[in-house]
Amino acid sequence: MKLSYNDIENIAKAELYKFMSPAIDVKGIRPIIIGTFASSYLRLQVKYTRLSDYGKVLGLTTYADTDIILNRYCNKDKIFVPAKTILIDESLSPPGIWNIYDKASKQRQFTIAHECAHQILYRRMPEDERKAFDKKYSKRTMTIQELTTVEDWLEWQANALAAALIMPKKYIELLLGNRQLFRFGNRMNKTDNLLFRNIGNRLGVSQLALTLRLKQLGYLHILPASEYFCASDIECDDDLYLAEQEIGVQANARCS
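Residues numbered from 1 in each chain as written. Predicted model: local features only at pLDDT ≥ 70, side-chain atom pairs only at ≥ 80, totals over all residues. Heavy atoms only, no water.

### Remarks on the overall build of the chain
Argument step 1. Secondary structure assignment for the chain yields nine helices and 10 strands.
Argument step 2. Burial statistics for the chain: of 256 residues in total, 41% are counted as buried.
Argument step 3. In the chain, once contacts between residues fewer than 6 apart in sequence are set aside, the share between residues at least 24 apart is 70%. (Helix = DSSP H or I, 4+ residues; strand = E, 2+ residues; numbered from the N terminus. Buried < 20%, exposed > 50% of the residue type's maximum accessible area, 1.4 Å probe, protein only. Contact = heavy atoms within 4.5 Å.)

### Some details on the packing of helix α6 (residues 169-176) against helix α8 (residues 207-217)
Each pair of packed helices can be summarised by the angle the axes make with each other and by the distance between the axes.
Argument step 1. Their axes nearest at 12 Å, the elements α6 and α8 cross at an angle of 85°. Compared by their axis directions, α6 and α8 come out roughly perpendicular. Contacts between α6 and α8 involve Lys169, Ile172 and Leu176 on the former and, on the latter, Leu210, Arg213, Leu214 and Leu217. (Axes fitted to C-alpha atoms, helices over the stretch in contact; angles between N-to-C directions. Parallel < 35°, antiparallel > 145°, perpendicular 65-115°, else oblique.)

### Details of unusual backbone geometry
Argument step 1. Non-glycine residue arginine 43 carries a positive phi angle of around 60°.
Argument step 2. Looking at where arginine 43 falls in the secondary structure, it is placed in the loop between α2 (34-41) and β1 (45-49).
Argument step 3. Since its relative accessible area comes to 63%, arginine 43 is described here as exposed.
Argument step 4. Its identity is not glycine, yet cysteine 74 carries a phi of approximately 60°, on the positive side.
Argument step 5. A relative accessible area of 72% means that cysteine 74 is categorised as exposed.

### Let's talk about the side chain of serine 52
Argument step 1. With respect to the secondary-structure elements, serine 52 resides in the loop between β1 and β2 (59-61).
Argument step 2. The buried category is assigned to serine 52, whose relative accessible area is 11%.
Argument step 3. At a separation of 3.1 Å, a polar atom in the side chain of serine 52 contacts the main-chain amide nitrogen of lysine 56. (Polar contact = N/O pair within 3.5 Å; in protein donor to acceptor, adjacent residues only side chain to side chain.)

### Focus on the side chain of glutamine 119
Argument step 1. Turning to its location among the elements, glutamine 119 is positioned in helix α3 (residues 103-123).
Argument step 2. Overall, the relative accessible area of 2% leaves glutamine 119 in the buried class.
Argument step 3. Of note is the side chain of glutamine 119, whose polar atom sits 2.7 Å from the backbone oxygen of threonine 62.
Argument step 4. Apart from the residues lying within four places of it in its own chain, the contact partners of glutamine 119 are Leu44, Thr61, Thr62, Tyr63 and Lys84.

### Re α8
Given 3.6 residues per turn, any residue in an α-helix points the same way as the ones three and four places further on.
Argument step 1. Those residues of α8 that sit buried are Ala209, Leu210, Thr211, Arg213, Leu214 and Leu217.
Argument step 2. Directly beyond the C-terminal end of α8, a positive phi value near 85° is found at glycine 218.

### Some remarks on the packing of aromatic side chains
Argument step 1. The tally for this structure, following the rule as stated, stands at six aromatic pairs.
Argument step 2. Connected via pairs of aromatic rings, a cluster forms that spans Phe19, Phe37 and Tyr41. (Phe/Tyr/Trp six-rings, centres within 6.5 Å; stacked < 30°, edge-to-face > 60°.)

### Regarding the environment of isoleucine 79
Argument step 1. The topology assignment puts isoleucine 79 in strand β4 (residues 75-81).
Argument step 2. Its relative accessible area of 18% is what places isoleucine 79 among the buried residues.
Argument step 3. Between the C-alpha atoms of isoleucine 79 and isoleucine 69, which are 10 residues apart in sequence, the distance is 6.4 Å.
Argument step 4. Apart from residues no more than four positions distant in its own chain, isoleucine 79 is found in contact with Thr66, Asp67, Ile68, Leu70, Arg72 and Leu87.

### Remarks on the environment of serine 39
Argument step 1. Secondary-structure assignment places serine 39 in helix α2.
Argument step 2. Each C-alpha atom of the pair serine 39 and threonine 85 lies 9.6 Å from the other, and the pair is 46 residues apart in sequence.
Argument step 3. Within polar-contact distance, the side chain of serine 39 engages the backbone oxygen of glycine 35 at 3.0 Å.

Shape is all these values report; function is a separate question.
Below is the structure:
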């Protein structure tokens, strides 16, 4: 089942409509608590455990009862995981008080959303397609990873749906209206930068996730640094720029 961006937006809209009240204004925008969405709405179990020794695996989900082999504690560890379970790496385990706005919480948000997306897409498969899928993946889980495997399309769809769930298109439209944001290399003017960071905090998402989402929706335009003409009105975000550069390098390596 290959879906377009428009298909994915419609799926996210439908699922969020069932999960919460569709009537909302700018003042009512809050982060989507994806843990509640997973447990109360999708009826999934969300658990935390060590998934790998070096943080390569942040999350996984199961469609059926299955045994999973994890490379952890310097060994291969076989565990049983029931169907409809999301496992999140213990490094993202929430503290006693869950602050949706800190870095770990934002990473946890997207990881859980990614695994929820796999479950939603699985449930929407036609019966015959799901049977074929079950034969291939009955003892396999989907993990958060770079798109480097033969299942690229599944991971792309899950990432796109995860972004649409925690950064709903309607929220972005309410927050930005007709406003367009511009980045010049790794810089934004102060007004755009303030608005960009405010939106990230309102939605409880990382700057990188928001950058990709706004670009996909056509609200953020990346231009050469040389096109900015007022150096005194520039704020620089080197961490975000380096993260994007790393993604770009990996993408180019895969295409070469």
